[in-house]
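Report on the structure
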Amino acid sequence: MAVLVQKLLSPDLSFVLHTLSPTDHDHTSVEAEIAPGLGETLASGTRGTPWRLSSGKFDGQVRTLAFANFSEELLVLGAGPADGEVIRLTVDYSKKPLTVDAVFRRQLGQRLGAVGFFLERKFGCPQDVEGCVVGKDIYIVQTRPQPQ
């Protein structure tokens, strides 16, 4: 038996990538569901809609499918390394680049699409990828074969 221990990050955004569209089974794009703060917002079924982006695997074209409307985000308290204390804050979408900055949205969509496509090619099948964005860095928390 093994135990995996991961450092708790303090993400700006958390995401789930699907390298095969869960809605129409399109294999030419990567779909991203993105939430502010910690990934618990996506994983727990919190009421609300994540940002949804679709990025073409071969042309990098990004489409915005939905804008987020979660009322709260979960953040790690403190400016230094994450100490594990999690707080809830009301989301101010007027200050979220993913909402107000189309260039940021396109660039992030392209980066996430490239990550998803790379992992799909590396593992040889569609992937369900969980990760987060901290500053300009993208972290992959886990990837697994995507149920079809």
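Predicted model, so just to flag it, every value in this text is computed and none were measured.

1. What to know about the confidence of the model for the protein
On average, residues of the protein carry a pLDDT of 91, and 95% of them reach 70 or more. Mean pLDDT across the elements of the protein bottoms out in helix α1 (residues 40–43) (86) and peaks in helix α3 (residues 102–123) (98).

2. Some words on the environment of Phe 67
When you line up the elements, Phe 67 lands in the loop between β4 (62–66) and β5 (72–76). Considered as a pair, Phe 67 and Leu 98 are 31 residues apart in the sequence and their alpha carbons are 8.5 Å apart. Excluding its chain neighbours within four sequence positions, the residues that come into contact with Phe 67 are Thr 49, Pro 50, Trp 51, Leu 98, Thr 99 and Arg 105.

3. Describing the packing of aromatic side chains
Describing an aromatic ring pair means giving the distance of the ring centres and the angle of the ring planes. Summed over the entire model, instances satisfying the criterion amount to two aromatic pairs. Aromatic side chains Trp 51 and Tyr 93 sit 5.7 Å apart centroid to centroid with 80 degrees between the ring planes, which places their arrangement in the edge-to-face category. Linking Trp 51 in strand β3 (residues 51–56) with Tyr 93 in the loop between β6 (86–90) and α2 (97–100), this pair joins segments that are 42 residues apart in sequence. Residue class for Tyr 93 comes out buried when judged on its relative accessible area of 17%. Here Phe 58 and Phe 117 contribute two aromatic rings whose centre-to-centre distance is 5.4 Å and whose plane-to-plane angle is 80 degrees, an arrangement assigned as edge-to-face. In this pair, Phe 58 sits in the loop between β3 and β4 while Phe 117 sits in helix α3, placing the two residues 59 residues apart along the sequence. On the accessibility criterion, Phe 58 (63% relative accessible area) is exposed. Its guanidinium or amino end placed over the ring of Phe 117, Arg 121 lies 4.6 Å from that ring's centre, counting from NZ or CZ.

Rules and cut-offs
- The numbers attached to residues start from 1 for each chain and follow its sequence in the written order.
- Local features are withheld for residues below a pLDDT of 70 in this predicted model, meaning they are given only at 70 or higher, and side-chain atom pairs are given and counted only at 80 or more; totals for whole chains, interfaces and linings count all residues.
- Side-chain figures throughout are based on the complete set of non-hydrogen atoms in the structure, without hydrogens or water.
- Known as pLDDT, the predictor's per-residue confidence is scaled from 0 to 100.
- Numbered from the N terminus, helices here are DSSP runs of H or I no shorter than four residues, and strands are runs of E no shorter than two.
- Two residues form a contact once any of their heavy atoms are found within 4.5 Å.
- Two rings from Phe, Tyr or Trp (for Trp, the six-membered ring) form a pair when their centres are within 6.5 Å of each other. A pair whose planes differ by under 30 degrees is stacked, one over 60 is edge-to-face, and the rest are tilted.
- Buried means the residue's accessible area, taken with a 1.4 Å probe over protein chains only, is under 20% of the maximum for its type, while exposed means over 50%, and partly exposed covers the values in between.
- By the criterion adopted, a ring carries a charge over it if an Arg CZ or a Lys NZ lies within 6 Å of its centre and within 35 degrees of its normal.

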